[in-house]
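Spelled out, the chains give:
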Amino acid sequence: MKPGLAAAAVWAQPFVLLMLAPLVQGCVRKLKAVLQNRQGAGVLQPYWDLLKNLRKEEVVSETASPIMRFVPYAAFSATFLACFLVPVLLPASPLGFAGDMIALVYLLALPRFFMALGGLDAGSAFGGMGSSREMMISSAAEPALIAALFTAAVRAGSTGAAEAASAAAASAPAALGPGLALGFIALFLVALAECGRLPVDNPATHLELTMVHEAMILEHSGRSLALIELSSMLKLTLFLTLLANLFIPWGLASRTDPASAVFSAGIFGLKLGGLVLTLSVVENSTAKLRLFRVPDFLGIAFVLALLGLLSEGILRLGL
Amino acid sequence: MTNAPGWLYQAVSFLTALALVSAFAALSCRTLHLVIRAYAAQSVLLGLAALAVGLEPVRWHILALGLLTIVLKGGAIPWFLFKVMEDVKIRREAAPFIGYPASLLGGVGLALVSYAAVRSVMPESFTGRGLAMGLTLMLLGLWLMVGRKKAVTQAVGLLIVDNGIFVAALSTTFGMPMIVELGLLFDLLVCVTVIGVLIFRIQSSFASINTDNLSRLKG
Amino acid sequence: MDLWLLPAAPLLTAACCGLGRTPRAIHRVAVLGSVATLALAALLASRAFQGPPVTAAGLYMDALSAYLACIVAFLSASAVISSFAFVEHEARQAGEAGFGINSWRVYYGLLQLFTGAMLFVTVTNNLGFLWIAVEATTLSSAFLVGFHRSRHSVEAAWKYVILCSVGIAFALLGTIILHEAGLAAGNGHGLDWTSYAALAPKMDPGLVRLAFLFAAIGYGTKAGLAPMHTWLPDAHSQAPNPVSALLSGALVKCSLYAILRFHIVATGCLGPGFSSTFFLGFGLLSLAIAVPFILVQRDFKRLLAYSSIEHVGIISVGLGFGGVWGTYGALLHMLNHALAKSLLFLTAGNISLRYGSKRLHHVEGALTVLPVTSLLFLAGALALTGVPPFSLFVSEFMILLAGFQSGHVVSGLFFIAAVAVIFAGILHHATSVVMGTPRKSLAPGEPNAASLLPLALMLLALIGLGVWMPAPLDGVLRQCVAIVQGGRHG
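Remember, predicted model here, so these are calculated numbers, not experimental data.

Q: Quick question: what am I supposed to make of the overall build of chain A here?
A: Along its length, chain A carries twelve helices and zero strands. Along chain A, from the amino end to the carboxyl end, the secondary structure elements read α-α-α-α-α-α-α-α-α-α-α-α. For 319 residues, the compact-globule formula gives about 20 Å, and the C-alpha radius of gyration of chain A, at 19 Å, lands near that figure. For chain A, the spread of C-alpha atoms along the principal axes amounts to about 55 × 45 × 40 Å. Buried positions account for 53% of the 319 residues belonging to chain A.

The structure is reproduced here in structure tokens:
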């Protein structure tokens, strides 16, 4: 196998994620609709929505500063850059040498910062409200996110995402321990909060009293809106990929070559499908939390992650 | 347990870790019936862990103990507590002494403390880990009792302390002799009954089961 | 097998009490049962004192357990005999509706169960059953503490059950750790104390240390050692008087006895230093904590309860000083305190019933209202504070002597200071109760003479033991000291 081809396969991974992102979103929406006995739009609908928005004229508030135009690009590029740090099918990531999971956390914080700025910049009351809520949630989510990722990092002895994922896959059935399960649940809860999913924020509503994420991006339109939408889809897919590869220790290819990538693609698809199904079921079976209960929710995620960390690394808990 | 197959070992460690999580669940729940459920779940998990421990090599007294634990601590005692709760018509823990996030974080701290304490006197082993786990559950039970006002929650805290002792006994010595274990279970049942009756009396004398009313005797 | 009769007799009596039809019948049955239990205890004890330890399946009675069993049985009998007046008073206050025949049955039945559990504590050989029995004493006496059904007594009962159950949980953990140490040292799967005592030198010192600490803190909660004493004043002050007498005279000793059993194993394994330090530290702390509460006390029974904490401290300090005289003094003090405290609780109960108040400043001039009871009360108070003609002086003196002999000068001086201050405090309270003129006009007159008889006997015993130590008792105590110091077992 030529090294060039292997490198190309590794570099293709983030683009696979980018292409998959709208599909994942579409599947979640479709599944939710089916579970609610609705017909729902087709799974490809997000692609058409993005294309439609890309072609539309962009309207920007007169009071807005240049930041407003800059926000979508910053948000999208930071999220996309984060994808370069994550292994998808192969036990390597394109920029794994340059940044680990800590960098990942900060790359995910960057779009949030810019979007909050954008929400304030437009000068609408809703935008400001959305920004302040988003910052409150993220300040609670971040420690939990870091603790959950560290749970996976402890076994590998490295904070690199690719190393952690391949260490989990290498010790497959023996790795199944309480630490892994606790880390999985914690990261899942954090993903719900970070991606604006149901118990924390309802992605389908525009009811002004409850919306968080939607309130922030209310003033964006046209191409800006398309980019922001795409980056939030990408973020959801990224979280699901992390869950699938760090905490479900099967299917990741053991060597870096395109042939095994094809094989692991099948298993990755299954894992992703399973996670999407879980997400839709969870979203369908919970009611939205009051905003002031969100820190409690994330506190539970944090405690679970800490317990996972304890049992995985420092203490090897249990009988 | 030393030469048991790996999956059994894994199952036991999984079950006890989930029991630990259920103790945290009890710490984080606001409604009393969820707290009682968390206790019931914990007892069932520990009963299953006992069954797994007794499987290889087969130890009949541990298997019987596991079954009894599931039936009594997972079924009968929670049922009785539910009945008490229904009769005194109290559902929520409105204003705890220690807030929910604080009690969760404090609980993690206690887990660390007990592991560190046991580690300092015992080498890392099956016994040491089990003892640490038992001590953690005991401390979490105490922490629940300290942080809450409702008499029912305090009773659940006491029961979690008892579960901690169960874990310690199971992992260090594979349980006490059968006759002693039966005596302990009987004691526990009587204790729960006594506490239930006392909760009725508190309710009828104070028209509330907040234990912060119980602070008149001083000096 | 006849050893099993000892804990079984009170249970049988309890069952008979449940069948009684009238209050008086129930009382008579209970008195009969208690006296029979006392006789049985004395009979078995005399066998244990004279020969090798009496054993039966799972039970074991050496001189130490026999000594404790006799104290328990005697106090229980005197508590039962004097119960009638108190329960009747309770019934009169509650009225016909609130206090049926069932309340009588419950009271006497639980009192017997309580006694049975304490006797079982003294004679069981199995450390697991020891724990079960100590917990059973809590559970059987919980409703006795809450018998009065006022808000206060409900509170006291709740604290009693919760704190003691939690505390004692640690004793179970200690038992488990000792079991682990025993398994490692080649003991079988049994929990027999005798085999632990024999194996002690082979056990892992780290585990035994941990086991003793947990067990001592657990049973120490039940014994009322400071700082785990907080339930004790509430429970002792809210319980009906005979129950208070039993709680502080017998139950506290039973818990100390449980610690002593662990102490013997720990001494066998670690030498006397480790557990003695524990006893000394907690004993001095208990003494120190009792002082301010006794000085400023306003409630009769809480005064006596804090004095119980003081005396637990004294016994514990005696065990901590160790040596022959320290241990001898501590064991003798157990008996002395049991007698003096029962006497005080029962006489104080009579006085406060007549005055209708437990507040110290409501009660004055008891000497004109209840002359005999007041004299007994005053004498008891003097005895309790360790004034010379009484036997508590002898035991406290021995403990002090042991302390100075073993070089604990600072602890000894502290002991003297605390006891002296408490002497002043209790004497002040007692004289203000007995002397002066009553505020309200109360008709003079004693309660029935029958209930005064055991009180007078207690006082006689206190004086008698103070001036003359009977040779048989001396022999018994020497045997007990040998057991505690690990000289003889198995």
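After presenting the structure, the write-up continues.
Q: How should I be thinking about the confidence of the model for chain A in this particular structure?
A: The predicted structure's coordinates, where accompanied by low pLDDT, should not be read in detail. Residues of chain A with pLDDT of at least 70 account for 95%, and the chain-wide mean is 84. Across chain A, element-level confidence peaks in helix 2 (residues 45–55) of chain A with a mean pLDDT of 91 and bottoms out in helix 7 (residues 172–175) of chain A with 67.

Q: Sorry, what's going on with the environment of C:Leu303 here?
A: Residue and element names in this part refer to chain C. Considering the arrangement of structural elements, one finds Leu-303 in helix 13 (residues 300–321). Judged by local crowding, Leu-303 falls into the buried class, with 25 C-beta atoms found within 10 Å. Here the alpha-carbon distance between Leu-303 and Ala-290, two residues 13 residues apart in the chain, equals 9.4 Å. Excluding residues that lie within four positions of it along the chain, Leu-303 makes contacts with Ile-294, Gln-297 and His-429.

Q: So what exactly am I meant to see when it comes to the interface of chain B and chain A here?
A: Reports of interface size often rely on the accessible area that becomes lost once the parts have come together. Of the residues lining the interface, 24 residues belong to chain B; the matching set on chain A comes to 19 residues. When contributions to the side of chain B that touches chain A are tallied by element, the ones reaching two or more residues are helix 1 (6–28), helix 4 (100–121) and helix 5 (126–147) of chain B.

Q: Is there a simple way to explain the interface of chain B and chain C in this structure?
A: Counting residues at the interface gives 32 residues for chain B, matched by 36 residues for chain C. If you list the elements that add at least two residues to the side of chain B that touches chain C, you get helix 5, helix 6 (151–173) and helix 7 (178–206) of chain B. With 13 residues, the top contributor of residues to the side of chain B that touches chain C is helix 7 of chain B. Counted by class, the side of chain B that touches chain C contains 21 nonpolar, seven polar and four charged residues.

Cut-off values and rules
Residues numbered from 1 in each chain as written. Chains lettered and ligands numbered in written order. Predicted model: local features only at pLDDT ≥ 70, side-chain atom pairs only at ≥ 80, totals over all residues. Helix = DSSP H or I, 4+ residues; strand = E, 2+ residues; numbered from the N terminus. Rg over C-alpha atoms; globule rule 2.2 N^0.38 Å. Buried ≥ 20, exposed ≤ 12 C-beta atoms within 10 Å, placed from the backbone. pLDDT = per-residue confidence, 0-100. Contact = placed C-beta atoms within 7 Å. Nonpolar A, V, L, I, M, F, W, Y, C, P; charged D, E, K, R; others polar.

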